[in-house]
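The primary structure of each chain is shown beneath.
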Amino acid sequence: MAEINEAFVGHSGPTDVICFDYRESKSALPDDSAEEAVDVEIIICPAVARREAEKRSLPYAREVVLYLAHGLLHASGEDDLKPELKRKMRRREQQTMNELEKLFSFGDIFPEPVLTGENTR
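Residue positions are given per chain, counting from 1 as you read along its sequence in written order. pLDDT decides what is reported in this predicted model: residues at 70 or higher carry local features, side-chain atom pairs at 80 or more are listed and counted, and totals for whole chains, interfaces and linings draw on all residues regardless. Side-chain metrics in this entry use all non-hydrogen atoms of the structure; hydrogen atoms and water are not considered.

A. Structural detail: the overall build of the chain. The secondary structure listing takes helices from DSSP runs of H or I that are at least 4 residues long and strands from runs of E that are at least 2 residues long, numbered from the N terminus. Along the chain, the regular secondary structure elements total 7 helices and 2 strands. When its helices and strands are written in sequence order, the chain yields α-β-α-α-β-α-α-α-α. Any two residues whose heavy atoms approach within 4.5 Å are treated as being in contact. Once local pairs closer than 6 in sequence are excluded, the contacts in the chain between residues at least 24 apart make up 45%. Surface exposure here means Shrake-Rupley accessible area, sampled with a 1.4 Å probe, where a residue is shielded only by the protein chains that are shown. Summing over all exposed atoms, the chain offers an accessible surface of approximately 8200 Å²; the carbon and sulfur share of this is 52%.

B. Molecular detail of the pattern of salt bridges. For salt bridges, the criterion is a side-chain nitrogen of Lys or Arg within 4 Å of an Asp or Glu carboxyl oxygen. A complete count under the given rule lists 9 salt bridges for this structure. A salt bridge links Lys55 to Glu52; the nearest nitrogen and oxygen atoms lie 3.2 Å apart. Here Lys55 pairs with Glu52, and both are found in helix H4 (residues 46-55), just 3 residues apart, close to one helical turn. Between Glu93 and Arg90 there is a salt bridge, with the nearest N and O atoms lying 3.1 Å from each other. In this pair, Glu93 and Arg90 both sit in helix H6 (residues 83-103), 3 residues apart, roughly one turn of the helix.

C. The arrangement of the packing of aromatic side chains in detail. Aromatic rings from Phe, Tyr and Trp, taking only the six-membered ring of Trp, are treated as a pair when their centres fall within 6.5 Å; an angle between ring planes under 30 degrees marks them as stacked, one over 60 as edge-to-face, and anything in between as tilted. Taken as a whole and judged by the stated rule, the model has 2 aromatic pairs. When the centroid spacing of 5.3 Å and the interplanar angle of 80° are considered together, the rings of Phe8 and Phe20 count as edge-to-face. With Phe8 in helix H1 (residues 2-9) and Phe20 in strand S1 (residues 17-21), this pair connects stretches of sequence that are 12 residues apart. Its relative accessible area of 16% is what places Phe20 among the buried residues. Ring geometry for Phe20 versus Tyr22: centroids 6.2 Å apart, planes at 10°, classification stacked. When accessible area is computed with a 1.4 Å probe and restricted to protein chains, residues below 20% of their type maximum are described as buried, those above 50% as exposed, and intermediate ones as partly exposed.

Written out as structure tokens, the structure reads:
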């Protein structure tokens, strides 16, 4: 995650989630390729999720789902670079999490990973 964060976002160190939206670039592909191309890619760092969940005394699975919701909100056009946009996005995240918690047991979907030295960076 640190390598991806530095190469594509320009930040050093690992981050929680990175979202790549390829929908605009798909228009340049031939029709038969565009149909099969990935629209959005969301990369989540399990080590960061574990660390942040422990820091905030939250279940690991809830943290992972929060990152997924965060990435999907970015893909739907939400932005969190300015304070007022960040507040709006945090509200949307909370609403999304509340709705998802009614439907899913996060721990059943995202069990705690076993992290090795290589994937803890």
